[in-house]
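# Fold and contact review
Each chain, letter by letter, is given below.
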Amino acid sequence: FSGFQIGKTRRDREAMHDIRMLGKIIPKNSIVRIHTEMWNDWTLHCNMMRFYDISLSAGKDTFAYFISDNELNKPVPEDYRKMDVDLKKYSFYHL
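Nothing here was measured: the structure is a model prediction, and the numbers come from that model. (Residues numbered from 1 in each chain as written. Predicted model: local features only at pLDDT ≥ 70, side-chain atom pairs only at ≥ 80, totals over all residues. Heavy atoms only, no water.)

### Observations regarding the packing of aromatic side chains
Under the criterion given, the structure shown has four aromatic pairs. Look at tyrosine 65 and phenylalanine 92: their rings are 5.5 Å apart centre to centre, the planes differ by 20 degrees, and that puts the pair in the stacked class. Here phenylalanine 92 lies in strand β5 (residues 90–94) and tyrosine 65 lies in strand β3 (residues 65–69), a separation of 27 residues in the sequence. When the ring of phenylalanine 66 is compared with that of tyrosine 93, the centres are 6.1 Å apart and the planes differ by 65 degrees; the resulting orientation is edge-to-face. With phenylalanine 66 in strand β3 and tyrosine 93 in strand β5, this residue pair connects regions lying 27 residues apart in the sequence. (Phe/Tyr/Trp six-rings, centres within 6.5 Å; stacked < 30°, edge-to-face > 60°. Helix = DSSP H or I, 4+ residues; strand = E, 2+ residues; numbered from the N terminus.)

### Focus: the side chain of histidine 17
For histidine 17, the position within the fold is in helix α1 (residues 13–25). Each residue touching histidine 17, except ones within four places of it in the same chain, is listed here: Asp86, Leu87 and Lys88. (Contact = heavy atoms within 4.5 Å.)

### Section: the pattern of salt bridges
According to the stated counting rule, one finds three salt bridges in the structure shown. One salt bridge connects lysine 28 with aspartate 53, and the closest N-O pair in it is separated by 3.4 Å. Within this pair, whereas lysine 28 is found in the loop between α1 and β1 (31–34), its partner aspartate 53 is found in the loop between α2 (42–52) and β2 (55–57), the two being separated by 25 residues in sequence. Residue classification places aspartate 53 among the partly exposed positions, given a relative accessible area of 28%. Of the charged contacts in the structure, one is a salt bridge between glutamate 37 and lysine 74, with a shortest N-O distance of 2.9 Å. With glutamate 37 in the loop between β1 and α2 and lysine 74 in the loop between β3 and β4 (81–82), the pair connects residues that are 37 residues apart, well separated along the chain. Classification of glutamate 37 as partly exposed rests on a relative accessible area of 43%. (Salt bridge = Lys/Arg side-chain N within 4 Å of Asp/Glu carboxyl O. Buried < 20%, exposed > 50% of the residue type's maximum accessible area, 1.4 Å probe, protein only.)

Here it is in structure tokens:
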């Protein structure tokens, strides 16, 4: 059965859609800031690194990009501006 599932993403479909979109925009080897509450979002962490060599940081350091989970409803750090990207689960910001 598992052989027929290759290439199909059912679990975390919205997250995987967003990760593919973000991977097209964010340069390889970048570090992206996230909210501390997103630190355990392993789907985001693992797939950003696995497919795009993009690391995530929940610290206070400033990086060019910021990703927020829409369900958190938390304010985004100052100076980040929302980018118009077709995302479903996350929002994407740039300095």
